[in-house]
Amino acid sequence: MPDLGLDVLFKGKNFARLLGGLGIALRISVIAILVSVVLGTVLGVLRQRENLILKAFMRLYLEVIRIMPQLVLLFLVYFGTTRSFGWDLSGETASVIVFSLWGTAEMSDLVRGALSSIPGHQYESAAALGLKKTQVYLYVVLPQAVRRLIPLSINLITRMIKTTSLVLMIGVVEILKVAQQIIEANRMNSPNAAFGVYLTVFVLYFLVCWPISVLAGKLEKRWG
Amino acid sequence: MGVRPVPGIVLEISHLHKAYGQNTVIEDLSLTVREGEVIVIVGPSGCGKSTLLRCINALESNQGGEVRLHGEPVLKGSKNLPEIRQKIGMVFQNYELFPHMTVLDNIMLAPVKAQGRKKSEVREEALALLKRVGLETKANSFPRQLSGGQKQRTAIVRALCMHPDILLFDEVTAALDPEMVREVLEVILDLANQGKTMLVVTHEMQFARAIADWVVFLDDGRICEEGTPEEFFDHPKTERAKKFLNTFTFERKARQPKTI
Ligand SMILES: Nc1ncnc2c1ncn2[C@@H]1O[C@H](COP(=O)(O)OP(=O)(O)OP(=O)(O)O)[C@@H](O)[C@H]1O
Ligand SMILES: [Mg+2]
């Protein structure tokens, strides 16, 4: 059997350290996802309104987030704010901010898309029955929008989790950084460690994202 | 509120004016619907029939005139509009059922949430009405599992379950396959026989003739002619009405004897 370099995982606390790194990646993701879902939904609903100032602001915000690679945003928030404003953000805080900004932008897009995909007739036939505006939203529009939204937002969530691997670039010791450290420390005695360790990272990411995708698939099927 | 309802009058449209931008669609239209009356509105495509119905329950705003239901003005943006709309049942050409709800939930939603009636009571009534239109086995189906005719009968029951003072039907068979038209028209005929007050827009002239107490012929957003079905269909007075009615009859020249 070829040497996959898996042995380093069982040295000392290496595996636990990897899990710890995964924990940090997940903590950043979960906070950012929660913020994004809440703020993104609010902004998405607000974008339905015909408010010029809000429209202009959202446009600018979305374009900036879309054009900028996430890595540039991370550098901008982490290093940029220290330089320009003298803020001393921790890498993790900077990461949460960037991922929340990104997630909120994308989420608001998804929410707006889901809402505008509900045909005007649905609003009208509900209103014609004598339902109040809030009831029209609560019972007719939102349940349909949510059904369309869930598969899309789960896709966004898994993308956010995966993209957190970038935060090692601003010194956050998340799973990929831990992996690098382990490989580095064992370069002499276990030269094949890179494969085994990265394989483990792959499996761990997979174990996190796969159930989410399965759930999305199930929901899509049930409501399709 | 100091509004004294005129006895017998359910709906009163007076001097209604509706325009989309520069394009006038309804012009100075007045019409009164009395208790138990079935008024059929016919007219060429684009003459404003749908717009008129949509103005009645203020799905469209108007640019002049007013609509009163039992003396109360129906106004877009007014606070009691949802309450007034509960008394105006509307059935659309494309059913417009709520796709995420079962047939039963579609019907029960507004009576329970808008009128605040008891679930058990509404369910009982909904099931009885479904049975009446031959859909008792479909209560727990979703709209996508129904045929067009079944969807439209569901939509009619959904409107009926609110106990409206008046029912508005906008070409409710226009989207149906021919073999399903009859099942829907029979439901409406049955409602007429029960004495329901209704305004029916239709392109089915035979049906119009059978169901109408009064026919209104709309052309270019105005009432061009009105009368009993016999008067209107057998002895139309205006050229426009004659021309319109002619579009429904077909004639063929006498066959030439075939030479072999
Ligand atoms: N939302 C709208 N914006 C602009 N014009 C409209 C709108 N809705 C309808 N119209 C115009 O108003 C006129 C009347 O339309 P309406 O739908 O009331 O006709 P109709 O009599 O119901 O026709 P049909 O028999 O084809 O259903 C048409 O000329 C149409 O182009
Ligand atoms: Mg129409």
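Residues numbered from 1 in each chain as written. Chains lettered and ligands numbered in written order. Predicted model: local features only at pLDDT ≥ 70, side-chain atom pairs only at ≥ 80, totals over all residues. Heavy atoms only, no water.

K.L.:
I keep staring at the site of ligand 1 and nothing clicks. Help me out?
P.N.:
All names here are of chain B. Taken together, Y20, V25, S45, G46, C47, G48, K49, S50, T51, E171 and H203 make up the full set of residues adjacent to ligand 1. Between ligand 1 and the protein, one listed contact pairs an oxygen atom with a backbone N or O atom of G46 at 2.8 Å. Contact with the protein chains removes 60% of the 640 Å² of surface that ligand 1 exposes when unbound. At three residues, helix α1 (residues 49-56) tops the list of elements feeding residues into the shell around ligand 1. Each residue belonging to the shell around ligand 1 can be placed in one class, and the counts come to three nonpolar, six polar and two charged. (Near = heavy atom within 4 Å. Polar contact = N/O pair within 3.5 Å; in protein donor to acceptor, adjacent residues only side chain to side chain. Areas by Shrake-Rupley, 256 points an atom, 1.4 Å probe, with all protein chains shown as cover. Helix = DSSP H or I, 4+ residues; strand = E, 2+ residues; numbered from the N terminus. Nonpolar A, V, L, I, M, F, W, Y, C, P; charged D, E, K, R; others polar.)

K.L.:
I would appreciate a short explanation of the packing of aromatic side chains in the present structure.
P.N.:
Residue and element names in this part refer to chain A. A full pass over the atoms with the stated rule returns 11 aromatic pairs over all chains. Taken together, a centroid distance of 5.8 Å and an interplanar angle of 15 degrees make the contact between F206 and W210 stacked. Within this pair, F206 and its partner W210 are both found in helix α8 (residues 193-223), separated by four residues, close to a single helical turn. With relative accessibility at 41%, the residue F206 sits in the partly exposed group. Relative accessible area serves as the criterion here: at 49%, W210 is assigned to the partly exposed category. (Phe/Tyr/Trp six-rings, centres within 6.5 Å; stacked < 30°, edge-to-face > 60°. Buried < 20%, exposed > 50% of the residue type's maximum accessible area, 1.4 Å probe, protein only.)

K.L.:
Looking at this structure, I do not really get the interface of chain B and chain A. What am I missing?
P.N.:
Where interface size is quoted, it is often the accessible area lost as the parts come together. The interface of chain B with chain A comprises 21 residues on the first partner and 17 residues on the second. Of the roughly 1700 Å² buried between chain B and chain A, counting both surfaces, carbon and sulfur atoms make up 62%. The largest contributions to the chain B side of the interface with chain A come from B:F98, B:H100 and B:K113, which together make up 30% of the buried area. Taken together, the links from chain B to chain A amount to one salt bridge. Between chain B and chain A we count six residue pairs in polar contact (both at pLDDT 80 or more) in total. Looking at the side of chain B that touches chain A, the elements that each hand over two or more residues are α2 (81-86), β6 (88-91) and α3 (103-113) of chain B. The residue makeup of the side of chain B that touches chain A, split by class, is 13 nonpolar, three polar and five charged. (Contact = heavy atoms within 4.5 Å. Buried area = accessible area lost by both parts, 1.4 Å probe. Salt bridge = Lys/Arg side-chain N within 4 Å of Asp/Glu carboxyl O.)

K.L.:
It is not clear to me how the sheet that holds strand β5 (residues 72-73) of chain B should be interpreted in this structure. Could you clarify?
P.N.:
Within a beta sheet, neighbouring strands are joined by backbone hydrogen bonds and run either parallel or antiparallel to one another. Residues and elements named next belong to chain B. Ordered by their spatial adjacency, four strands build an open sheet running β2-β1-β4-β5, and the pairing between neighbours is antiparallel. Every other strand in the sheet has two partners, leaving β2 (23-34) and β5 as the edge strands with one partner each. Bridge count between strand β4 (residues 64-69) and β5: two bridges; the pairing is antiparallel. Following the sheet pairing, L69 is matched in β5 by E72. The strands touched by α1 within the sheet are β1 (9-20), β2 and β4, with β1 carrying the most contacts at an inclination of about 120 degrees. (Pairing = 2+ DSSP bridges. Axes fitted to C-alpha atoms, helices over the stretch in contact; angles between N-to-C directions.)

K.L.:
For this particular structure, what's the right way to read helix α5 (residues 120-128) of chain A?
P.N.:
Count 3.6 residues to each turn of an α-helix, and residues three or four apart come out pointing the same way. Turning to α5(A), its buried residues are A:Q122, A:E124, A:S125, A:A126, A:A127 and A:A128. Elements in contact with the buried residues of α5(A): α6 (133-163) of chain A together with α1, α2, β6 and α5 (148-160) of chain B. Phi for A:G130, located one or two positions after α5(A), is positive at around 95 degrees.

K.L.:
Looking at this structure, I do not really get the pattern of salt bridges. What am I missing?
P.N.:
Charged atoms that come close allow side chains of opposite charge to pair. All names here are of chain B. In the structure shown here, the tally under the stated rule is 20 salt bridges over all chains. Residue K242 is joined to E239 by a salt bridge in which the shortest nitrogen-to-oxygen separation is 3.6 Å. A residue pair is termed a helical-turn pair when its members lie 3 or 4 positions apart in one helix, as K242 and E239 do in helix α9 (residues 239-246) at three residues. Residue classification places E239 among the exposed residues on the basis of a relative accessible area of 58%.

K.L.:
Looking at this structure, how should I read the nonpolar core?
P.N.:
Most often, soluble globular proteins have nonpolar side chains that are buried together. Residues A:L18, A:F99, A:L131 and A:I175 are the most contacted members of the largest nonpolar core, which totals 62 residues. Those elements that provide at least two residues to this core are α1 (14-46), α2 (52-67), α3 (70-85), α4 (91-116), α6, α7 (175-185) and α8 of chain A together with α3 of chain B. It is α4(A) that contributes the most residues to this core, 11 residues altogether. Apart from the residues lying within four places of it in its own chain, the contact partners of A:F99 are A:I28, A:A32, A:S36, A:L74, A:M160, A:T163, A:T164 and A:V167. Residues B:L104, B:L160, B:I188 and B:L191 belong to the second largest nonpolar core, which totals 51 residues. (Core = buried A, V, L, I, M, F, W, Y, C linked by side-chain atoms within 4.5 Å.)

K.L.:
Would you mind showing me how to read the confidence of the model for chain A here?
P.N.:
Close reading of the predicted structure is inappropriate where its pLDDT is low. Of the residues in chain A, 99% reach a pLDDT of 70 or more, and the chain-wide mean stands at 88. For chain A, the element scoring lowest by mean pLDDT is α8(A), at 85; α5(A) scores highest, at 96. (pLDDT = per-residue confidence, 0-100.)

K.L.:
It is not clear to me how the confidence of the model for chain B should be interpreted in this structure. Could you clarify?
P.N.:
Chain-level pLDDT for chain B is 93 on average; 96% of the residues reach the 70-or-more range. The complex model carries a pTM of 0.82, and its ipTM stands at 0.89.

K.L.:
What is the right way to look at the packing of α1(A) against α7(A) in this model?
P.N.:
Helix-helix packing: each pair is described by the crossing angle between the helix axes and the interaxial distance. Residues and elements named next belong to chain A. Two numbers describe how α1 lies on α7: the axes approach to 7 Å, and their chain directions differ by 155 degrees. The orientation of α1 with respect to α7, classified from their angle, is roughly antiparallel. Contacts from N14, R17, L18, G21, L22 and A25 of α1 reach α7 at I175, V178, A179, Q181 and I182. For the contact of α1 with α7, the per-class residue count stands at seven nonpolar, three polar and one charged. (Parallel < 35°, antiparallel > 145°, perpendicular 65-115°, else oblique.)

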